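Remarks on the overall topology
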Amino acid sequence: MIYTVLIPDNVDQKAVDLLEGTEGLNVVYTGKLSQEELAAQAGEAHAMIIRSGVKITPEVLAAAPNLKAVARAGVGVDNVDLDAATSHGVIVMNTPGGNTISTAEHTFGLMIALARYIPQGDASLRAGRWDRKSFVGVELKDKVLGLIGFGRIGKAIARRAQAFDMTVIAYDPYIEPSAGTELGVELVQLDALYAQADFISLHALITDETRGMLNTEAFAKMKDGVRIINASRGALINDADLAAAIESGKVAGAALDVYEPEPPTEDNPLIGMESVIHTPHLAASTSDAQVTVAVEAAQLIINTLLHDSPQNVVNSAVLT
Ligand SMILES: NC(=O)c1ccc[n+]([C@@H]2O[C@H](COP(=O)([O-])OP(=O)(O)OC[C@H]3O[C@@H](n4cnc5c(N)ncnc54)[C@H](O)[C@@H]3O)[C@@H](O)[C@H]2O)c1
């Protein structure tokens with residue numbers, strides 16, 4: 001049996017090469033298709049690899065009677081109708097680990113930029129000034145980094161922070177304490193983290209528990225002059241409360257890659273504050289991560305079609 005893998009989106013050539021070099025697969029790499037073109041080409045496909053450029057709608061699924069699996073090269077599956085895929089018996093998978101290093105490195109970049117006023121110094125020089133007095137920063141060495149969420153990205157940050165001689169503590173109520181011990185990271189209660197950390201970096205998932213968790217009550221429990229980094233999800237922070245905590249001097253500054261909503265609206269109180277630095281949700285945006293997620297997606301399809309071993313299944317109901 002030869003399986004047809006349709007790639008109706010732009011993915012890195014390494015993923016295409018991996019599939020083409022695998023016996024038992026016929027690869028159709030079209031690059032990004034319109035929805036009409038996708039429906040027209042879907043009939044032969046046993047599997048598809050997509051990014052965010054195409055939508056897997058009920059219409060596409062109806063036009064793809066042989067389809068068994070869709071792999072998203074990346075994390076978000078908002079462009080896949082999961083209920084419709086499940087009812088068509090189509091397994092949907094993603095590659096959540098593929099951008100871990102890119103996101104961790106960007107977070108680290110934000111932390112250093114925040115500690116040393118790098119964006120502010122850059123803006124000042126570009127504006128024609130030579131101001132060496134306004135931007136006296138702090139070292140990372142011997143500072144306490146508190147990680148909220150100790151999953152893939154949190155762990156990658158911890159390793160990097162230790163190389164900078166930081167003490168790393170973490171709060172994550174859903175993992176075994178031994179996960180911290182192995183990496184030399186003490187897992188602590190949230191209030192203890194707030195009380196000890198000089199830098200707090202957010203890496204938790206958005207849940208009812210974590211939405212808006214960094215609010216006035218939380219800031220009150222933190223050290224004076226704490227610095228906040230968020231490259232996780234914007235909704236973890238109450239923006240008005242953070243702006244007030246910065247204005248009062250309680251929080252020395254914040255570095256943000258993510259917002260709620262995105263892009264941020266004009267009334268976001270944090271945009272334009274001197275002590276807040278920003279990137280527009282860039283943490284995962286590297287050419288390396290694009291390669292990693294595409295190759296991982298190709299491997300997911302190989303494992304599913306040829307070895308009956310799907311992984312990272314997003315619509316797990318399809319397996320029951
Ligand atoms: N900025 C970006 O471009 C970008 C890129 C990738 C991921 N992210 C975001 O980064 C975050 C972390 O991603 P990851 O790959 O490390 O995920 P992960 O699933 O590996 O880790 C998330 C951790 O959060 C923990 N958690 C859940 N509820 C918590 C709570 N109440 N308090 C503390 N911890 C809690 C979980 O136990 C888990 O260990 C996610 O929110 C993800 O959406 C952002």
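Conventions used here
Residues numbered from 1 in each chain as written. Predicted model: local features only at pLDDT ≥ 70, side-chain atom pairs only at ≥ 80, totals over all residues. Heavy atoms only, no water. UniProt positions renumbered as here; feature names shortened; annotations may be inferred. Phe/Tyr/Trp six-rings, centres within 6.5 Å; stacked < 30°, edge-to-face > 60°. Helix = DSSP H or I, 4+ residues; strand = E, 2+ residues; numbered from the N terminus. Buried < 20%, exposed > 50% of the residue type's maximum accessible area, 1.4 Å probe, protein only. Axes fitted to C-alpha atoms, helices over the stretch in contact; angles between N-to-C directions. Parallel < 35°, antiparallel > 145°, perpendicular 65-115°, else oblique. Left-handed = near helix turned anticlockwise from the far one by under 90°. Contact = heavy atoms within 4.5 Å. Nonpolar A, V, L, I, M, F, W, Y, C, P; charged D, E, K, R; others polar. Polar contact = N/O pair within 3.5 Å; in protein donor to acceptor, adjacent residues only side chain to side chain. Domains from an automatic or database assignment. Pairing = 2+ DSSP bridges. Near = heavy atom within 4 Å. Areas by Shrake-Rupley, 256 points an atom, 1.4 Å probe, with all protein chains shown as cover.

The chain goes by 2-oxoglutarate reductase in an unreviewed UniProt entry, where it is assigned to Phototrophicus methaneseepsis. Per UniProt, the chain has the following entry under Catalytic activity (unreviewed entry): "(R)-2-hydroxyglutarate + NAD(+) = 2-oxoglutarate + NADH + H(+)". You can read under Sequence similarities (unreviewed entry) in the UniProt record for the chain the words "Belongs to the D-isomer specific 2-hydroxyacid dehydrogenase family."

With that settled, consider the packing of aromatic side chains. Applying the stated criterion across every chain, the model contains 2 aromatic pairs. Measuring from ring centre to ring centre gives 4.9 Å for Phe108 and Phe164, while their planes differ by 55°; the resulting arrangement is tilted. On the criterion of sequence distance, the pair formed by Phe108 in helix H5 (residues 100-116) and Phe164 in the loop between helix H7 (152-163) and strand S7 (167-171) is long-range, its members being 56 residues apart. The exposure class assigned to Phe108 is buried, which follows from its relative accessible area of 7%. An angle of 40° between the planes, with centres 6.3 Å apart, marks the rings of Tyr117 and Phe135 as tilted. Pair noted here: Tyr117 is in the loop between H5 and helix H6 (118-126) and Phe135 is in the loop between H6 and strand S6 (144-148), with a separation of 18 residues, a long-range link.

The feature "domain: D-isomer specific 2-hydroxyacid dehydrogenase catalytic" (unreviewed entry), as given by UniProt, occupies residues 5-315 in the numbering adopted here. Split by type, residues 5-315 is 35% helix and 16% strand. Its first and last C-alpha atoms lie 20 Å apart.

Packed helices, taken two at a time, are described by the angle their axes make and the gap between the axes. For the pair helix H1 (residues 13-20) and helix H12 (residues 287-307), the least separation of the axes is 8 Å and the interaxial angle reads 20°. Considering their axes alone, H1 and H12 lie roughly parallel with respect to each other. Between H1 and H12 the crossing geometry is right-handed. Counting all contacts with H1, which are made through Lys14, Ala15, Leu18 and Leu19, the residues of H12 involved are Val291, Ala294, Val295, Ala298, Gln299 and Ile302. Looking at the contact of H1 with H12 residue by residue, the class counts come to 8 nonpolar, 1 polar and 1 charged.

What UniProt calls "domain: D-isomer specific 2-hydroxyacid dehydrogenase NAD-binding" (unreviewed entry) maps, in this numbering, to residues 108-283. Secondary structure across residues 108-283 divides into 31% helix and 17% strand, with the first and last C-alpha atoms of the span separated by 10 Å.

Time to look at helix H11 (residues 239-247). Looking at H11, one finds that the buried residues are Asp239, Asp241, Leu242, Ala243, Ala245 and Ile246. Buried-residue contacts for H11 involve helix H10 (216-220), strand S10 (226-230), strand S11 (251-256) and strand S12 (276-278). For H11, the N-terminal cap is Asn238; the gap from its side-chain oxygen to the backbone nitrogen of Ala240 is 3.2 Å. Note on H11: the residue one or two positions beyond its end, Gly249, has a positive phi of about 90°.

Examined at the domain level, the chain breaks down into domain 1 (3-98 + 287-319) and domain 2 (100-278). For domain 1 and domain 2, the distance between their C-alpha centres works out to 35 Å.

The strand order across the open sheet formed by 7 strands is S8-S7-S6-S9-S10-S11-S12, and the pairing between neighbours is parallel. The sheet is open, and its two edges are formed by strand S8 (186-187) and S12, each paired on a single side. Bridge analysis of S10 against S11 gives 5 bridges, and the strand direction is parallel. Looking at the pairing, Ile228 lines up with Ala254 of S11.

So, on to the site of the ligand. Looking at the ligand, there are 25 residues lining it, with Arg152, Ile153, Asp172, Ala231 and Ser232 nearest. The side chain of Asp172 places a nitrogen or oxygen atom 2.6 Å from an oxygen atom of the ligand. Between the ligand and the protein, one listed contact pairs an oxygen atom with a backbone N or O atom of Ala284 at 3.5 Å. Coverage of the ligand by the protein chains reaches 88% of its 860 Å² of free accessible surface. For the shell around the ligand, the class distribution of residues is 12 nonpolar, 8 polar and 5 charged.

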